[in-house]
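So the chains spell out like this:
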Amino acid sequence: MSVASLARISAAEPGDGRIPVLDIGPFLAGEPGAAAPLARAIARTCEDTGFLIVAGHGIPQALPDRVFAVAAQFFARPEADKLALKVGRYNIGYLPFGGQVVRHSPVNRNTRPNFSESFYITRDHAPDHPDIVNDKPLVGLNRWPADMPEFRPATTAYFAAMQAMTTRLVPLFALALDLPADYFAAAFAEPNCTIRLIHYPPHPAPEDNEFGFAPHTDNNFITFLAQSALPGLEVRTAEGEWIRPPAVPGTFVVNTGAMLARYSNDRFRATPHRVVNRNDASRYAIPFFLGPNHDSVVAAVPTCTGPGNPPRYEPTTYGAFTQHLLTLNFAHRRGEEALPPNPRA
């Protein structure tokens, strides 16, 4: 990255007032009148940076802390142990260094693989679940490290708590789009959720076009990121500047994804963001991705189209859209071998 780019980041105040901190506690508690002002605040930031911070969410800090701990333990394991759980066609399990080049970025021509490794966890189905038995696309069994007994309970407890909390916020996004609060109820009756554990090694001097996570947009509805101990996430504004979200302990960074952009006909665009770990220690992230059911048709909502503003996207299903991006971005989906690990890893 250029010196000028780094200067723009360091000169920007964290959030610069454009990434607000919103207390969702009164709304979750069912206080009368709490939804409308919160929805208006969400609309304002989704029309600007597409990023916000939520406080008062009710998730005990012990839950993400446990996931951060098991993530660090897992990524410290020998490479052979991790590769035994390598991702396959379901995109569940371990993604090694070199396994992802972000080819769908709207703001950068990414040519290098992400300087990071990941582990994907989805809904924890039983082997006799109908979606498993019928081999439903992108629905598979989670892969668990056999000799880390704390890994599965820590991550599944976090998954359950996050799914419950995040789906309760979907009506706010409907209200923000001037829709009835229950507009998305059917689409999120059985939401598609994923946790991605990510390890970013120290990366103090990235080479040209090299990132821990290259500039990209998320493909889901909204993403919830527990605050990491170290900085690294950078958000691109409409003016092309890169700013950092406020580092508020115990909160979640929330951002828009491609499904919300499609529903809103780009009124709420998916915001590009990137990660570079310039710290002298490993950085860990545990984003939780919330999306509609795989089979839900995603099309522009009636409040976001009209004369002179036709739909910008053809209707699609979340499953079809996800399948396309996975094939585009991941070596194992393209029939390629992952690139060798960066020697600085």
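Scroll up to find the structure this text is about.
**Describing the overall build of the protein**
Each helix and strand counted, the protein has 9 helices and 15 strands in total. Sorting the 345 residues of the protein into buried and exposed places 54% on the buried side. A sequence separation of at least 24 residues applies to 80% of the contacts in the protein between residues at least 6 apart. Only carbon and sulfur atoms are counted for the fraction: they give 56% of the accessible area of the protein, which is about 14500 Å².

**Some details on the packing of aromatic side chains**
Counting across every chain of the model gives 15 aromatic pairs. Where F97 meets F115, the ring centres are 6.0 Å apart and the plane angle is 50°; that geometry is what we call tilted. Taken together, the residues span a long stretch of sequence, with F97 in the loop between strand 3 (93–95) and strand 4 (117–122) and F115 in the loop between strand 3 and strand 4 at a distance of 18 residues. The interplanar angle of 65° and the centroid separation of 4.9 Å between the aromatic rings of F188 and F221 together place this pair among those described as edge-to-face. Remark: F221 occurs in the loop between strand 6 (213–216) and strand 7 (222–226) and F188 occurs in the loop between helix 7 (151–176) and strand 5 (192–200); sequence separation between them is 33 residues. Classification of F221 as buried rests on a relative accessible area of 0%.

**A few points about the pattern of salt bridges**
Applying the stated criterion across every chain yields a total of 14 salt bridges. Between R18 and E239 there is a salt bridge, with the nearest N and O atoms lying 2.9 Å from each other. Linking R18 in the loop between helix 1 (3–11) and strand 1 (21–23) with E239 in the loop between strand 8 (233–236) and strand 9 (242–243), this pair joins segments that are 221 residues apart in sequence. Residue E239 is classed as exposed on the basis of its relative accessible area, which comes to 55%. Note that E234 and R274 form a salt bridge whose closest N and O atoms lie 2.6 Å from each other. Of this pair, E234 sits in strand 8 while R274 sits in strand 11 (residues 273–275); the two residues are 40 residues apart in sequence, bridging distant segments of the chain. For E234, a relative accessible area of 0% puts it in the buried group.

**Section: the packing of helix 3 (residues 35–46) against helix 7**
Interaxial distance between helix 3 and helix 7 falls to 8 Å at its minimum, and their mutual angle equals 70°. Accordingly, the angle class assigned to the pair helix 3 and helix 7 is roughly perpendicular. On the side of helix 3, the interface is formed by A35, L38, A39, I42, A43 and C46, while helix 7 contributes L172, F173, L175 and A176.

**Things to note about the sheet that holds strand 9**
Here 4 strands make up an open sheet; going across it, the order is 6-11-8-9 and the pairing antiparallel. Each edge of the open sheet carries a strand with a single partner, namely strand 6 and strand 9. In the sheet, strand 6 pairs with strand 11 via 2 bridges, with the strands oriented antiparallel. Bridge pairing in strand 11 links H216 to H273.

Calculation criteria
Residues numbered from 1 in each chain as written. Predicted model: local features only at pLDDT ≥ 70, side-chain atom pairs only at ≥ 80, totals over all residues. Heavy atoms only, no water. Helix = DSSP H or I, 4+ residues; strand = E, 2+ residues; numbered from the N terminus. Buried < 20%, exposed > 50% of the residue type's maximum accessible area, 1.4 Å probe, protein only. Contact = heavy atoms within 4.5 Å. Areas by Shrake-Rupley, 256 points an atom, 1.4 Å probe, with all protein chains shown as cover. Phe/Tyr/Trp six-rings, centres within 6.5 Å; stacked < 30°, edge-to-face > 60°. Salt bridge = Lys/Arg side-chain N within 4 Å of Asp/Glu carboxyl O. Axes fitted to C-alpha atoms, helices over the stretch in contact; angles between N-to-C directions. Parallel < 35°, antiparallel > 145°, perpendicular 65-115°, else oblique. Pairing = 2+ DSSP bridges.

Purely geometric stuff here, so don't read any function into it on its own.
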